[in-house]
Amino acid sequence: MRTAQVVPIEMSEGQDIGRERPGGTALVKTVFVKTYGCQMNVYDSARMTEVLAPLGYRPVSVPDGADFIIVNTCHIREKASEKVFSELGRLRRHKEARAAGGGRMFIAVTGCVAQAEGAEILRRAPYVDMVLGPQTYHRLPELVARMERAETGGAGRVATDFPVEAKFDHLPARDGGQTISAFLTVQEGCDKFCSFCVVPYTRGAEFSRPVAQVLAEAAQLVRGGAREIVLLGQNVNAYRGQGPDGAPWGLDRLISALAPIAGLTRLRYTTSHPADMDDRLIAAHRDVPMLMPYLHLPVQSGADRILRAMNRRHTGDDYRRLVRRLRAARPDIALSSDFIVGFPGESEADFEQTLALVGEIGFTQAYSFKYSPRPGTPASLMDGQVPESVKADRLARLQILLDSQQAAFNRQSVGQTMPVLVERPGRRPGQMVGRSPYLQAVRTAAPVGAIGSTIELRITASDARGLAGVPVAHASERVTA
Ligand code: SAH
Ligand code: SF4
Ligand code: F3S
């Protein structure tokens, strides 16, 4: 699970890649979107396919035969960025094969690598037709139309500015939620400038969507079948969207306004910065039952010296105090976090403070990474870069501890009864998979009709794939039988 944030997710809803002429006129074209990176990229990929629908593009799940391929990229670590060029190399062959058969295929690179390295992409991969940064997706229809007319070239192929008009004001309405748990971006960008991180450069300044816009999109997602909404932002708890009263609303008020939407059963939000976790948001975890008892709250390190060099704006003790307040408000809250090992100057003693903090807090899930120097960030120029072998050793030690905490948390769920939101069919016939309030995957026997409903399950087993459970009614029937 710990690499989930950089695992490519193939976004596509349609399976049929046949070509047809509805009404005998416009040719139905197909688009394949490959998504790397965080949930915000997953959300953006969904929005891009929606923007392209009126132009006749239908999403498909494989690149073979697609008319348009979008590679939505992530720049967070070196490995994530490198993947783009190997992926483009593969796509080039698809494009050439298409051209050899007399057809055309377009390739666009979007996302955070596009923003950071747009010119470099066009230099190294001249067969790329278009480069688009994360704040310009609303311009996709115009750029695609020009690309189809073969008018693009030179500067027309790149849109990596931060336009004054917000993309959200110009994207079309959602076409409904295709998933039970739907992402909804409410905040973009970051002003924190942690010294290791590219996000403030690739996504731009912090921006919050107005409350009314978020409420309208949430209602559309629920009408389309979503039962859970995950509010997204690079710094989601820094949300300050304009409320209907004209005043800026915090995330706590936004959550309270979303909770009454009929049909919506769960709310979550991610990712939060410890410095933006205020009393009102903590109180929402106590007062809003629909807000799930799970919080992703990255700490990065347990050593104050390193946290200062990271420009994190919190100490280890600030984090401990915050966790105490959260647990006082919601005793069963499950915590997950992100960690960086081998930040410049990190000593063995510093690293041991990270292990100590993990030991004290107890995380139910975590993502941990070797520090990756990123071009243009202050940390990449700092003295004391840590050798790769030391980073690898620390990562392995940290992950052993985090994995054991996750396994222990899952084991202690066995025997408990918990509400599980059923999301999708499992691998076996008759099996469904859902999520516990604590974001654990739970398998159970249920009919397809159960998708979207919340059922009480008694947890019977825990293994590497997650939890297994039986509906409470069945469990008691068995006891009495
Ligand atoms: N906004 C979130 C993090 C977004 S990036 C926050 O403030 O916590 C997701 C995670 O990637 C970060 O939490 C960090 O652990 C990791 N990360 C970011 N830059 C990195 C780098 N240069 N090297 C290694 N990991 C990095
Ligand atoms: Fe990056 Fe820090 Fe902003 Fe998170 S808060 S996105 S780690 S700069
Ligand atoms: Fe990656 Fe950009 Fe998200 S760098 S983690 S896709 S904000």
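Residues numbered from 1 in each chain as written. Chains lettered and ligands numbered in written order. Predicted model: local features only at pLDDT ≥ 70, side-chain atom pairs only at ≥ 80, totals over all residues. Heavy atoms only, no water.

## A short note on the overall build of the protein
So, point 1. Within the protein one finds 14 helices and 22 strands.
So, point 2. Overall size of the protein, expressed as C-alpha extent along the three principal axes, is 65 × 65 × 50 Å.
So, point 3. Looking at the protein as a whole, 54% of its 481 residues qualify as buried.
So, point 4. Taking the contacts inside the protein whose residues are at least 6 apart along the sequence as the reference set, 73% of them involve residues at least 24 apart.
So, point 5. Carbon and sulfur atoms make up 55% of the accessible area of the protein, which amounts to about 20,000 Å² in all. (Helix = DSSP H or I, 4+ residues; strand = E, 2+ residues; numbered from the N terminus. Buried < 20%, exposed > 50% of the residue type's maximum accessible area, 1.4 Å probe, protein only. Contact = heavy atoms within 4.5 Å. Areas by Shrake-Rupley, 256 points an atom, 1.4 Å probe, with all protein chains shown as cover.)

## Comments concerning the sheet that holds strand β11 (residues 228-232)
So, point 1. Spatial ordering of the open sheet is given by β8-β11-β14, a layout of three strands whose pairing is parallel. A strand with exactly one partner marks an edge of an open sheet, and here the two such strands are β8 (181-185) and β14 (266-270). Taking the axes of each pair of neighbouring strands and ignoring which way they run, one obtains an average angle of 25° across the sheet.
So, point 2. The pairing of β11 with β14 spans five bridges and is classified as parallel. Within β14, the position partnered with Leu-231 by the bridge is Tyr-269. (Pairing = 2+ DSSP bridges. Axes fitted to C-alpha atoms, helices over the stretch in contact; angles between N-to-C directions.)

## Regarding empty space enclosed by the protein
So, point 1. Scanning all chains against the criterion turns up one cavity of 30 Å³ or more.
So, point 2. A volume near 770 Å³ is recorded for the largest cavity.
So, point 3. Lining the largest cavity are 41 residues, and of these Ile-76, Cys-197, Val-199, Gln-234 and Asp-338 sit closest to its centre.
So, point 4. Of all the secondary-structure elements, those providing two or more residues to the lining of the largest cavity are α1 (39-52), α6 (199-202), β16 (334-341) and β17 (365-370).
So, point 5. A breakdown of the residues in the lining of the largest cavity according to their chemical character gives 19 nonpolar, 15 polar and seven charged.
So, point 6. Of the domains in this structure, domain 1 (9-159) and domain 2 (167-413) are the two that each give at least three residues to the lining of the largest cavity. (1 Å grid on protein atoms, 1.4 Å probe; cavity = no way out; pocket = protein on both sides within 12 Å on 5 of 7 lines; lining within 4 Å. Points joined across faces, edges and corners; volume = space filled by probe spheres on them. Nonpolar A, V, L, I, M, F, W, Y, C, P; charged D, E, K, R; others polar. Domains from an automatic or database assignment.)

## So, the confidence of the model for the protein
So, point 1. Taken residue by residue, the protein gives an average pLDDT of 90. The fraction at 70 or more is 91%.
So, point 2. Here residues 1-25 is modelled with pLDDT under 50, and outside its nearest four sequence neighbours on either side it reaches 65 contacts, counting other chains as well.
So, point 3. In this model residues 475-481 is a low-confidence stretch, pLDDT under 50, and it forms three contacts with partners more than four residues away in sequence or in other chains. (pLDDT = per-residue confidence, 0-100.)

## Some points on the site of ligand 3
So, point 1. Every residue lining ligand 3 is accounted for by Cys-38, Asn-41, Thr-73, Cys-74, His-75, Ile-76, Cys-112, Arg-203 and Gln-234.
So, point 2. When atoms are counted within 2 Å of each cavity's grid points, the one that captures over half of ligand 3 is the largest cavity. (Near = heavy atom within 4 Å. Sits in = over half its atoms within 2 Å of the grid points.)

## Concerning the domain arrangement of the protein
So, point 1. By the assigned domains, the protein splits into domain 1 (9-159), domain 2 (167-413) and domain 3 (417-477).
So, point 2. The straight-line distance from the C-alpha centre of domain 1 to that of domain 2 is 29 Å.
So, point 3. Contacts between the two partners involve 23 residues from domain 1 and, on the opposite side, 31 residues from domain 2.
So, point 4. With both sides pooled, the region where domain 1 packs onto domain 2 buries about 2,500 Å², and carbon together with sulfur makes up 58% of that total.
So, point 5. Taken as a group, Met-40, Tyr-43 and Arg-47 account for 28% of the area that domain 1 buries against domain 2, more than any other trio of residues on that side.
So, point 6. Two residues, Arg-47 and Glu-217, come together in a salt bridge whose shortest N-O distance is 3.2 Å.
So, point 7. Between the two partners, domain 1 and domain 2, sit 13 residue pairs in polar contact (both at pLDDT 80 or more). (Buried area = accessible area lost by both parts, 1.4 Å probe. Salt bridge = Lys/Arg side-chain N within 4 Å of Asp/Glu carboxyl O. Polar contact = N/O pair within 3.5 Å; in protein donor to acceptor, adjacent residues only side chain to side chain.)

## Structural notes on helix α13 (residues 388-411)
Since there are 3.6 residues in each turn of an α-helix, residues three or four apart along the chain are aligned in direction.
So, point 1. The end-to-end C-alpha separation of α13 is 34 Å, in line with the 34 Å expected for 24 residues at 1.5 Å each.
So, point 2. Of the positions making up α13, those classed as buried are Lys-391, Arg-394, Leu-395, Leu-398, Gln-399, Leu-402, Gln-405, Phe-409 and Asn-410. (Expected span 1.5 Å × (residues − 1).)

## Some words on the site of ligand 2
So, point 1. What surrounds ligand 2 is the set Cys-190, Lys-192, Phe-193, Cys-194, Phe-196, Cys-197, Val-199, Pro-200, Asn-235, His-273 and Arg-312.
So, point 2. Spatially, ligand 2 is embedded in the largest cavity.
So, point 3. Looking at the shell around ligand 2 residue by residue, the classes come out as seven nonpolar, two polar and two charged.

## What about the nonpolar core?
So, point 1. Residues Leu-231 and Tyr-269 are the most contacted members of the largest nonpolar core, which totals 51 residues.
So, point 2. Formed by 24 residues, the second largest nonpolar core is a distinct cluster that contains Val-33, Ala-108, Tyr-137 and Leu-232. (Core = buried A, V, L, I, M, F, W, Y, C linked by side-chain atoms within 4.5 Å.)

## Some points on the pattern of salt bridges
So, point 1. Summed over all chains, the structure comprises 35 salt bridges.
So, point 2. Note that Arg-394 and Glu-346 form a salt bridge whose closest N and O atoms lie 3.0 Å from each other. Here Arg-394, found in helix α13, pairs with Glu-346, found in the loop between β16 and α12 (348-361); they are 48 residues apart in sequence, far enough to count as distant.
So, point 3. For Asp-463, the salt bridge identified is with Arg-443, shortest N-O distance 2.9 Å. Placement of Asp-463 in strand β21 (residues 454-463) and of Arg-443 in strand β20 (residues 441-445) is noted, with a sequence separation of 20 residues between them.

## Some thoughts on the packing of helix α8 (residues 251-258) against helix α9 (residues 279-287)
So, point 1. One can describe the packing of α8 onto α9 by two numbers: an axis separation of 8 Å at closest approach and a directional angle of 30°. In terms of their interaxial angle, α8 and α9 are classed as roughly parallel. Of the residues in α9, those in contact with Leu-251, Asp-252, Arg-253 and Ile-255 of α8 are Arg-280, Leu-281 and Ala-284.
So, point 2. Residue classes in the contact of α8 with α9 are distributed as four nonpolar, no polar and three charged. (Parallel < 35°, antiparallel > 145°, perpendicular 65-115°, else oblique.)

## Regarding the sheet that holds β17
So, point 1. Strand order in the open sheet formed by three strands is β15-β16-β17, and the pairing between neighbours is parallel. Taken across any chain shown, the strands that pair with only one partner, and hence form the sheet edges, are β15 (294-296) and β17. Geometrically, the sheet is characterised by an average inter-axis angle of 10° between neighbouring strands, direction not taken into account.
So, point 2. The pairing of β16 with β17 spans six bridges and is classified as parallel. Across the sheet, the residue bridging to Phe-339 is Ser-368, located in β17.

## Considering the pairing of strand β4 (residues 68-73)
Residues in a regular strand point their side chains to alternate faces of the sheet.
So, point 1. Burial analysis of β4 places six of its six residues in the buried class, the great majority of the element.
So, point 2. The side-chain alternation of β4 yields two buried faces, one formed by Phe-68, Ile-70 and Asn-72 and the other by Ile-69, Val-71 and Thr-73.
So, point 3. Pairing geometry for strand β2 (residues 29-35) and β4, over five bridges, is parallel. Pairing of Val-33 across the sheet is with Ile-70, part of β4.
So, point 4. With five bridges connecting them, β4 and strand β5 (residues 106-110) associate as parallel partners.

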